[in-house]
Amino acid sequence: MVDTETTATEAGRDFIRDIVQADLDAGRTQSVVTRFPPEPNGFLHLGHAKSICLNFGIAREFGGTCHLRFDDTNPIKEEQLFIDAIQRDVRWLGCDWGEHLYYASDYFEQLYEWAEHLVRTGKAYVDDTPPDAMRTQRGTLTEPGQNSPFRYRSVEENLDLFRRMRAGEFPNGARVLRAKIDMTSGNMNLRDPVLYRILHTDHPRTGNAWSIYPTYDFAHGQSDAIEHITHSVCTLEFEDHRPLYDWLLDNLPVPSHPRQYEFARLNLSYTVLSKRHLTRLVTDKHVTGWDDPRMPTIAGIRRRGVPAAAVREFIGRVGVARAYSTVDVAMLDSAIRDTLNPVAPRRMAVLRPLKLIIDNYPEGQTEALEARNHPDNPEAGSRSVTFGRELYVEQDDFMENPPKKFYRLSPGKEVRLRYGYFVTCQEVVKDESGAVVALRCTYDPASKGGNAPDGRKVQATLHWVAAADAVPAEIRLYSHLFNRPDPGADGDVLADLNPDSLEVLTGCLVEPSLSQAPVGEAVQFERTGYFALDPDSQPGRPVFNRTVGLRDTWAKVQANTKG
RNA sequence: UGGGGGAUAGUUUAGCGGUAAAACUCCCGGCUCUGACCCGGGCAUCCUUGGUUCGAAUCCAGGUCCCCCAGCCA
């Protein structure tokens, strides 16, 4: 595991933290309590990471606590599998809820009692109106709704009906419990919202104990109140629910009245951050699972090799505001590189091998060369790499007819083999079809270690592996899951899937030290990118995922000259 | 003439009446045993119109555009 510690980075300032600070200063809040409240109906993604970092971050920065609470009020979509995965992911992000693990279902009995309280005070009623008719009665965005004929039932009848709903006497959908607020309100959420529905479904935690379940609106605020949450932070789409959140707390004998604040959810270019769409990708097998490295899920990016610290760094850079926005995925890549660069060990791996033969190097001879594990950190130490007569370099590092700005190998050109010697390309070996199969070179024995005694320079330094001990590997290259920055903007998200988001390279050769790499921990393949061992690896047959590529100025130069 | 929100560089965010800041991207250049990292430099009529003011991204008034809400989902 990479760095699960919560770094003591400087707390970013935003409007929510300003509110918390002001509440603390004014004495309105004694001790801050926040919560992260996922519904266990899928895996966590980068959007949740923003909420997690915000809620746990605020608690940590202001000396408060943050609860993990599962909003498990809809058993139709929820599973234990997701409850487990969510805890694993939150922990991996470096967040600790301590003893404060809760479930909305812990409060089902209390919520039920409060529902009866509303009935007794004439503020809730049982409605037999079928869903279709209820929708009609609710009116439209511009027209007020009509009162349900069942709105005028007596308290006694409502109580009796509601108890029988709980007892399981009625089928799904037969009746609901509704709050009696205002069918003419401009806010649709106040047009007598449903508080309880009949659901004869087993719940992952309460089994078949209940045949009615509270809605989000009836569960969330009260759960916050029970836990004495001080600042209930959620995303902008719940803004319209705040009046209902407050109405319920004002009309119930709750132990506290938390305040809800909303921020803009995270959107990322070239991907989707909506559980609905991500679930679709998984169930329709457009990806291998929730942890497919192309997925924007926590499990996916972790498998890709992204350290938790990089996610936190990214979330910190993105900030928290109320303006709708879509963050450029390049910002994520940059945060990953910046996190990995100072710590990732350097290794050499050739993704698309091209044989290089050094004619003047003694046949059968090999020698050990010292290679630094990190260019800027001597404490990272060094390792030994084998040099020999036959090596492999990257196909991209050779061009028979190079353009002017091409610094790498070409006929007659001298370059440096990293940690090794200067070599000069003398001859290009081709097969019958004319394809380049090998390079015959000569080396300068005096340049051992990488520098020529006469001080002459080379334009390029190439990474390489020795034929004698290179280990074959599979390397998986990932690019954007979607081929446009705003998937689904034309209606169909799946139509925007990038068919080339996964490229599997099978003939790769990596230096032997890489066969002992720990799973999931990114190393830098010099000049190529950051890579992490995938759990699919077999003994002697490593599989690497590209976490993120290095910035590639040469690729840009090429692209620009072509264009 | 339903309700609720939002508009600052290509992208995110800061700025809270004193003359636009940071990160990312992009472009130019330097350095380099990774064309990486690093180091210079460049890139904004602050949605718009008018008003208040010595002074407005910030205050006021009108307009424009964008987002959310009509689940017995969350």
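Residues numbered from 1 in each chain as written. Chains lettered and ligands numbered in written order. Predicted model: local features only at pLDDT ≥ 70, side-chain atom pairs only at ≥ 80, totals over all residues. Heavy atoms only, no water.

A. Up close: the pattern of salt bridges. One pass over the structure, following the stated rule, counts 51 salt bridges. Notably, a salt bridge pairs Asp127 with Arg178, separated by 3.0 Å at the nearest N-O pair. With Asp127 in strand S4 (residues 124-127) and Arg178 in strand S5 (residues 176-179), this pair connects stretches of sequence that are 51 residues apart. Put simply, Arg527 and Asp397 hold a salt bridge, and the shortest N to O gap is 2.2 Å. Taken together, the residues Arg527 in the loop between strand S23 (523-525) and strand S24 (529-533) and Asp397 in the loop between strand S15 (390-394) and strand S16 (414-417) connect sequence positions 130 residues apart. The partly exposed category is assigned to Arg527, whose relative accessible area is 36%. One continuous salt-bridge network, built from bridges that share partners, spans Asp291, Arg303, Glu474, Arg476, Asp534 and Asp536. (Salt bridge = Lys/Arg side-chain N within 4 Å of Asp/Glu carboxyl O. Helix = DSSP H or I, 4+ residues; strand = E, 2+ residues; numbered from the N terminus. Buried < 20%, exposed > 50% of the residue type's maximum accessible area, 1.4 Å probe, protein only.)

B. Region of interest: empty space enclosed by the protein. Summed over all chains, the structure comprises two cavities of 30 Å³ or more. Taken as a whole, the largest cavity spans an internal volume of roughly 60 Å³. Forming the boundary of the largest cavity are Met348, Val385, Thr386, Trp464, Val465, Ala466, Asp469, Glu511 and Pro512. Secondary-structure elements contributing two or more residues to the lining of the largest cavity are strand S14 (382-388) and strand S20 (465-466). Together, Tyr216, Asp217, His220, Gly221, His241, Tyr245 and Gln260 line the second largest cavity. (1 Å grid on protein atoms, 1.4 Å probe; cavity = no way out; pocket = protein on both sides within 12 Å on 5 of 7 lines; lining within 4 Å. Points joined across faces, edges and corners; volume = space filled by probe spheres on them.)

C. Fine view of the sheet that holds strand S1 (residues 33-36). The strand order across the open sheet built from three strands is S1-S2-S3, with neighbouring strands paired in parallel fashion. What marks the edges here is a single partner per strand, and that holds for S1 and strand S3 (101-103). Strand-to-strand twist of the sheet, defined as the mean angle between neighbouring strand axes without regard to direction, takes the value 35 degrees. Bridge analysis of S1 against strand S2 (residues 65-70) gives four bridges, and the strand direction is parallel. Residue pairing in the sheet places Thr34 in a bridge with Cys66 of S2. Sitting on the sheet, helix H3 (residues 80-92) is in contact with S1, S2 and S3, with an inclination near 160 degrees to S2. (Pairing = 2+ DSSP bridges. Axes fitted to C-alpha atoms, helices over the stretch in contact; angles between N-to-C directions. Contact = heavy atoms within 4.5 Å.)

D. Broad picture of the nonpolar core. With 40 residues, the main nonpolar core has Leu46, Ile52, Phe56, Val90, Leu268, Val311 and Phe314 as its most contacted residues. Contributing elements (two or more residues each) for this core: helix H2 (46-61), S2, H3, helix H10 (298-304), helix H11 (308-318) and helix H12 (329-340). At six residues, the largest contribution of residues to this core is made by H2. One finds Leu161, Leu177, Trp210 and Ile212 within the second-largest nonpolar core, a separate group that totals 35 residues. (Core = buried A, V, L, I, M, F, W, Y, C linked by side-chain atoms within 4.5 Å.)

E. Molecular detail of the protein's contact with RNA strand B. Neighbouring RNA strand B are 63 residues; Arg346, Arg408, Arg416, Gly449 and Thr553 lie closest to it. Between RNA strand B and the protein, one listed contact pairs a phosphate oxygen with a backbone N or O atom of Tyr216 at 2.9 Å. Asn560 has a polar side-chain atom sitting 3.0 Å from a phosphate oxygen of RNA strand B. Where the surface near RNA strand B is concerned, the elements lending two or more residues are helix H5 (131-137), strand S6 (194-198), H11, H12 and helix H13 (553-562). The greatest single-element share of the surface near RNA strand B, amounting to four residues, is contributed by H13. Partitioning the surface near RNA strand B into residue classes produces 22 nonpolar, 21 polar and 20 charged. (Near = heavy atom within 4 Å. Polar contact = N/O pair within 3.5 Å; in protein donor to acceptor, adjacent residues only side chain to side chain. Nonpolar A, V, L, I, M, F, W, Y, C, P; charged D, E, K, R; others polar.)

F. Seen up close, the layout of surface pockets. Size it by volume and the second largest pocket reaches roughly 1,100 Å³. Along the wall of the second largest pocket there are 38 residues; nearest its centre are His48, Thr235, Glu237, Phe238 and Arg265. Contributing elements (two or more residues each) for the lining of the second largest pocket: S1, H2, helix H7 (216-226), strand S8 (231-235) and helix H9 (275-283). The residue inventory of the lining of the second largest pocket, partitioned by class, reads 14 nonpolar, 14 polar and 10 charged.

G. Molecular detail of the sheet that holds strand S7 (residues 212-214). A sheet is described by the order of its strands in space; here four strands give the open sequence S4-S5-S6-S7, paired in antiparallel fashion. At either margin of the open sheet sits one strand with a lone partner, and together these are S4 and S7. The sheet shows a mean angle of 20 degrees between the axes of neighbouring strands, direction not considered. Relative to S6, S5 runs antiparallel, the two being bridged by three bridges. If you follow Leu177 over to S6, its bridge partner there is Tyr196.

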